[in-house]
Amino acid sequence: MAKILNIESSTSVCSVALSIDGEVASIQESYSKNSHSELITLFCKKVVAEAGFNFSDLDAVSISKGPGSYTGLRIGVSTAKGFCYGLEIPLVSIETLTAMAHGMKNTLDYNNSSDSILFCPMIDARRMEVYTALFSDTLIQVEKTSAKIIDKDSFTNYLSAYKIIFAGDGAEKCKDVLDYHPNAIFINDFFPSANYLCKIAEQKYLAKDFENTAYFEPYYLKDFVAGKPKVKGLR
């Protein structure tokens, strides 16, 4: 009976779940921006306690590895590594867009559709750029993860043959650009969640598909670029 602590911090959502054999036993989530440093450890304590366990009972920690927010990813990965080192348990990593695609398939009512469908999770990367990938209705990745600047010609080759389900905070800002196409379907209020990590983490745990905790780094996709300081006198 694998007990896995699952951490999702790649966007503004702070989400932690305790799973048992791939099923959620307890979950805590916050949609408040910049709440990760304040809440993530508290959420970890809560989900373990609510499920009736101690940290010493955990078999592994899974982390949503990105792409996404530089700060959120750093906090989540640092927290996951800390638990893995302290408890001497393995670290499992899951690409954020893959987890989102699994969540889209499992929570949205398109499983019985006769249409040819692709799932397109999107994470906001500022301005008109998003982190995105395309997945088939059987969750095979058909277009690799990339940072795209979205315009009216984006995905036209796929939209001619498939209905594409767009979801995530990146999809919300792209709706006005792509909504003209009848095969573009936008899902509102869909966010990354530790819930979507649980089944994938269980499969990776059983396959012993673990990361090297010492050397593991988040999947940033793009280099971090610091903004100009706003305090007068700083450069």
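Residues numbered from 1 in each chain as written. Predicted model: local features only at pLDDT ≥ 70, side-chain atom pairs only at ≥ 80, totals over all residues. Heavy atoms only, no water.

Below, the discussion takes up the overall build of the protein chain. When helices and strands are counted, the protein chain shows six helices and 10 strands. For the protein chain, the C-alpha atoms occupy an extent of roughly 60 × 50 × 30 Å along the three principal directions. Burial analysis of the protein chain (235 residues in total) assigns 49% to the buried set. Restricting to contacts in the protein chain with at least 6 residues of sequence separation, those with at least 24 account for 62%. In the structure as shown, the protein chain presents an accessible area of about 11900 Å², 48% of it carried by carbon and sulfur atoms. Across the protein chain, the mean location of the 24 positive side-chain charges is 9 Å away from that of the 28 negative side-chain charges. (Helix = DSSP H or I, 4+ residues; strand = E, 2+ residues; numbered from the N terminus. Buried < 20%, exposed > 50% of the residue type's maximum accessible area, 1.4 Å probe, protein only. Contact = heavy atoms within 4.5 Å. Areas by Shrake-Rupley, 256 points an atom, 1.4 Å probe, with all protein chains shown as cover. Lys, Arg positive; Asp, Glu negative; His and termini not counted. Charge placed at Lys NZ, Arg CZ, Asp CG, Glu CD.)

Now for the side chain of glutamate 8. Tracing the backbone shows glutamate 8 in strand β1 (residues 3-8). One buried charged residue, glutamate 8, remains without a salt bridge, the closest side chain of opposite sign being lysine 65 at 12 Å. For glutamate 8, the residues in contact, after removing those within four places along its chain, are Val13, Cys14, Ser15, Ser64, Thr96, Pro192, Ser193, Ala194 and Leu197. (Salt bridge = Lys/Arg side-chain N within 4 Å of Asp/Glu carboxyl O.)

This paragraph deals with the sheet that holds strand β4 (residues 60-64). Two modes of strand pairing occur in sheets, parallel and antiparallel, and in both the strands are linked by backbone hydrogen bonds. Judged by pairing direction, the sheet is mixed, and its five strands sit side by side in the order β3-β2-β1-β4-β5 without closing on themselves. Whereas interior strands pair on both sides, the edge strands pair on one side only; in this sheet they are β3 (23-30) and β5 (91-94). Direction aside, the axes of adjacent strands within the sheet are offset by 20° on average. Two strands pair when backbone bridges link them, and β1 and β4 are joined in this way by four bridges, in the parallel orientation. (Pairing = 2+ DSSP bridges. Axes fitted to C-alpha atoms, helices over the stretch in contact; angles between N-to-C directions.)

A separate point is helix α3 (residues 96-107). Helix length check: α3, at 12 residues, gives a terminal C-alpha distance of 16 Å against a target of 16 Å (1.5 Å per residue), a fit within 8%. The buried fraction of α3 is high, at nine of 12 residues. Along α3, the residues classified as buried are Thr96, Leu97, Thr98, Ala99, Met100, Ala101, His102, Gly103 and Met104. (Expected span 1.5 Å × (residues − 1).)

Right, let's get into the pattern of salt bridges. Going through the model one piece at a time under the given rule, you end up with seven salt bridges. The salt bridge partner of glutamate 217 is arginine 74, with a shortest N-O separation of 2.8 Å. Of this pair, glutamate 217 sits in the segment after α6 (198-206) while arginine 74 sits in helix α2 (residues 70-87), placing them 143 residues apart in sequence. Exposure remark for arginine 74: the relative accessible area of 33% places this residue in the partly exposed category.

This part takes up the sheet that holds strand β7 (residues 129-136). An order of β8-β7-β6-β9-β10 is seen for the five strands of this open sheet, with the pairing classed as mixed. Each edge of the open sheet is held by one strand with a lone partner, namely β8 (141-149) and β10 (184-187). Recorded for the sheet is a direction-independent mean angle of 20° between the axes of neighbouring strands. Where strand β9 (residues 163-167) and β10 come together, four bridges link them in parallel fashion. If you follow phenylalanine 166 over to β10, its bridge partner there is phenylalanine 186. Together, β6 (117-124), β7, β8 and β9 form the strand contacts of α3, whose direction differs from that of β6 by roughly 130°.

Of all hydrophobic cores here, the largest spans 27 residues; its most connected members are Ile94, Met104, Phe119, Ile165 and Phe190. Every element with two or more residues in this core is listed here: β5, α3, β6, β7, β9 and α6. The element best represented in this core is α3, accounting for five residues. Counting 21 residues, the second-largest nonpolar core is a separate cluster that includes Val47, Ile63, Phe83 and Phe216. (Core = buried A, V, L, I, M, F, W, Y, C linked by side-chain atoms within 4.5 Å.)

Before going further, it helps to examine the environment of cysteine 174. If you trace the backbone, cysteine 174 turns up in helix α5 (residues 169-178). Distance from cysteine 174 to alanine 51, taken between C-alpha atoms, is 39 Å for residues 123 residues apart in sequence.

Here a ring pair, both rings aromatic, is described through the centre-centre distance and the interplanar angle of the planes. Taken as a whole and judged by the stated rule, the model has seven aromatic pairs. Ring centres of phenylalanine 166 and phenylalanine 186 lie 4.9 Å apart, and the angle between their planes is 15°; this geometry places the pair in the stacked category. One end of the pair, phenylalanine 166, is in strand β9; the other, phenylalanine 186, is in strand β10, with 20 residues separating them in the sequence. For phenylalanine 166, a relative accessible area of 0% translates into the label buried. For phenylalanine 186, a relative accessible area of 14% translates into the label buried. Each member of the aromatic cluster is reached from another via a ring pair, and the members are Phe155, Phe166 and Phe186. Taking NZ or CZ as reference, lysine 148 lies 5.7 Å from the ring centre of phenylalanine 155, over its face. (Phe/Tyr/Trp six-rings, centres within 6.5 Å; stacked < 30°, edge-to-face > 60°. Lys NZ or Arg CZ within 6 Å of the ring centre and 35° of its normal.)

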